[in-house]
Amino acid sequence: MKPTLLILAAGMGSRYGGVKQIDKFGPNGECLMDYSLYDAVKAGFGKIVFIVREEIEKDVRELFDHKLKPLVEVEYAIQRLTEPSDIIPAGIERGKPWGTGHAVIAAADKINEPFAVINADDFYGPEAYKILADYLSSDLKEGDYSMVGYILGNTLSDFGSVSRGCCKVDANGNLSEVIERTKIQRNAAGEVEYDDATGKGTLPDNSVVSMNFWGFTPDVFKRFKDRFADFVKANSNDPKSEFFIPLPVQEMIEDKSAKVKVFETDSTWFGVTYTEDKEFVSNELKKLIAAGVYPEKLWK
């Protein structure tokens, strides 16, 4: 059975100032998801599941159904602020999504096979898709998870701070710790620093970070849902709290109910956080096309 690719495309894009998931960056109006999907199909993923907000589902369908349905199975799932209703109490005032871990839960009834998770507004490079497609097609047991790790210094924005899952990898190549750090950026001295709920600190340039390119077996849905229920109980009065994927993953590492194989790569990564990132991303795509990594027209 071929693995599935789950694309998290329900974010609000508040710092970008628009729906960056479907903004145009390529020479023929391609968005970043076009390149992710092209790489995924080529690597051997057999199904694509989009997690979207209800108000952009129609636009996403119009963009991708005609490109993808001749090649792979396509499904859509909606991330709603009030679901799962058996976990989220009625009457909670919430203006933003509950986070990437909550988005994964929204796909539970669409996926029954090993799957990868990516952000819609990130470029990961063809190698990353091939690595996880091969691993997810192997003989996996429940709790055999994985991730592609990138080098922190290669993932920063020149235009403001970012959030990253900062990782430690053990001698067996498995993830031993992943901590979500926020407000990461270079300071005047050129150091990479963070400022989050735990305080301020610096991070080595060559730190391994998660860019939300994860591999999971389908048992993860129940595990995430159980941990999300605890998260909601503890954070229902905080409208800015988010159930990031690294949170339940770290808990499972600590209680030894899962292991996460880390595939480190120095592949090109870039993403869209701020409006100013758009020109840089467009130029990077032009370079990759000029180098023959992608055809100028992705979809024939």
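Located above this text is the structure these notes cover.
The sections below set out a description of the structure shown in this document.

Cut-offs applied
- Residues numbered from 1 in each chain as written.
- Predicted model: local features only at pLDDT ≥ 70, side-chain atom pairs only at ≥ 80, totals over all residues.
- Heavy atoms only, no water.
- Helix = DSSP H or I, 4+ residues; strand = E, 2+ residues; numbered from the N terminus.
- Rg over C-alpha atoms; globule rule 2.2 N^0.38 Å.
- Buried < 20%, exposed > 50% of the residue type's maximum accessible area, 1.4 Å probe, protein only.
- Contact = heavy atoms within 4.5 Å.
- Areas by Shrake-Rupley, 256 points an atom, 1.4 Å probe, with all protein chains shown as cover.
- Lys, Arg positive; Asp, Glu negative; His and termini not counted.
- Charge placed at Lys NZ, Arg CZ, Asp CG, Glu CD.
- Axes fitted to C-alpha atoms, helices over the stretch in contact; angles between N-to-C directions.
- Parallel < 35°, antiparallel > 145°, perpendicular 65-115°, else oblique.
- Left-handed = near helix turned anticlockwise from the far one by under 90°.
- Nonpolar A, V, L, I, M, F, W, Y, C, P; charged D, E, K, R; others polar.
- Expected span 1.5 Å × (residues − 1).
- Salt bridge = Lys/Arg side-chain N within 4 Å of Asp/Glu carboxyl O.
- Core = buried A, V, L, I, M, F, W, Y, C linked by side-chain atoms within 4.5 Å.
- Pairing = 2+ DSSP bridges.
- Arc of directions from axis to C-beta.

1. Considerations on the overall build of the chain
Alright, step 1. Of regular secondary structure, the chain possesses seven helices and 13 strands.
Alright, step 2. Taken against the 2.2 N^0.38 rule, which gives 19 Å for 300 residues, the C-alpha radius of gyration of the chain at 18 Å falls within 12% of a compact globule.
Alright, step 3. Overall, the C-alpha framework of the chain stretches about 50 × 50 × 40 Å when taken along its three principal axes.
Alright, step 4. Relative to its full complement of 300 residues, the chain shows a buried share of 54%.
Alright, step 5. For the chain, the share of sequence-separated contacts (at least 6 apart) that also reach a separation of at least 24 residues comes to 74%.
Alright, step 6. Carbon and sulfur atoms form 48% of the exposed surface of the chain, whose accessible area is close to 13800 Å².
Alright, step 7. Computed over 37 positive and 48 negative side-chain charges, the inter-centroid distance for the chain is 2 Å.

2. Points about the packing of helix α1 (residues 32-43) against helix α2 (residues 57-68)
Alright, step 1. Two numbers describe how α1 lies on α2: the axes approach to 12 Å, and their chain directions differ by 25°. Of the possible angle classes, the one that applies to α1 and α2 is roughly parallel. Along this stretch, α1 crosses α2, giving a crossing that reads as right-handed. Together, Met33, Asp34, Leu37 and Val41 of α1 and Phe64, Lys67 and Leu68 of α2 make up the contact between the two elements.
Alright, step 2. Among the residues making up the contact of α1 with α2, the classes are represented as five nonpolar, no polar and two charged.

3. Some remarks on the environment of Leu68
Alright, step 1. With respect to the helices and strands, the residue Leu68 is situated in helix α2.
Alright, step 2. Taking the C-alpha atoms as reference points, Leu68 and Trp299, separated by 231 residues in sequence, lie 9.2 Å from one another.
Alright, step 3. The residues contacting Leu68, other than those within four sequence positions of it, are Leu37, Val41, Ile48, Phe50, Val74 and Trp299.

4. Concerning α1
Alright, step 1. Between the first and last C-alpha of α1 there are 17 Å, a value that for twelve residues agrees with the 16 Å anticipated at 1.5 Å per step.
Alright, step 2. Among the residues of α1, those classed as buried are Leu32, Met33, Asp34, Tyr35, Ser36, Leu37, Tyr38, Asp39, Ala40 and Ala43.
Alright, step 3. Positioned one or two residues after α1, Gly44 has a phi angle of 115°, which is positive.

5. Some words on the pattern of salt bridges
Alright, step 1. All told, the structure shown has 23 salt bridges when counted by the stated rule.
Alright, step 2. Glu113 is the salt-bridge partner of Lys47, the closest N and O atoms lying 3.3 Å from each other. Taken together, the residues Lys47 in strand β2 (residues 47-52) and Glu113 in the loop between α3 (100-105) and β4 (115-119) connect sequence positions 66 residues apart.
Alright, step 3. For Glu113, a relative accessible area of 7% corresponds to the buried category.

6. As for the nonpolar core
Alright, step 1. Within the largest apolar cluster, 59 residues are counted, with the highest numbers of intra-cluster contacts made by Ile7, Phe50 and Phe213.
Alright, step 2. The greatest single-element share of this core, amounting to seven residues, is contributed by α1.
Alright, step 3. Apart from residues no more than four positions distant in its own chain, Phe213 is found in contact with Ala116, Val117, Ile118, Tyr124, Ala128, Tyr129, Leu132, Ser146, Met147, Val148 and Tyr150.
Alright, step 4. Of all hydrophobic cores here, the second largest spans 38 residues; its members include Val117, Trp214, Phe224 and Phe228.

7. Looking at the pairing of β4
Alright, step 1. Within β4, five of the five residues are buried, which leaves it mostly tucked inside the rest of the structure.
Alright, step 2. Neither face of β4 is exposed, since Phe115, Val117 and Asn119 on one face and Ala116 and Ile118 on the opposite face are all buried.
Alright, step 3. Summarising the sheet, strand β1 (residues 4-8) and β4 pair through five bridges and their orientation is parallel. Residue pairing across strands places Leu5 opposite Ala116, the latter belonging to β4.
Alright, step 4. Examined bridge by bridge, β4 and strand β11 (residues 208-216) share three bridges and lie antiparallel to one another. The partner of Phe115 across the bridge, within β11, is Phe216.

8. A short note on the environment of Ile105
Alright, step 1. Note that Ile105 resides in helix α3.
Alright, step 2. With relative accessibility at 9%, the residue Ile105 sits in the buried group.
Alright, step 3. A C-alpha to C-alpha distance of 13 Å links Ile105 and Thr82, two positions 23 residues apart in sequence.
Alright, step 4. Discounting residues that sit within four places of it in the chain, Ile105 has contacts with Pro84, Phe221, Phe224, Lys225, Phe228 and Phe243.

9. Regarding helix α5 (residues 220-235)
Alright, step 1. Here α5 is 16 residues long and its end C-alpha atoms lie 22 Å apart, about the 22 Å a rise of 1.5 Å per residue gives.
Alright, step 2. Along α5, the residues that are buried comprise Val220, Phe221, Arg223, Phe224, Arg227, Phe228, Phe231 and Val232. In an axial view of α5, the angular spread of the buried residues amounts to 165°, which keeps them on one side of the axis. The exposed set on the far side of α5, more than 90 degrees from its buried face, consists of Lys222 and Lys233.

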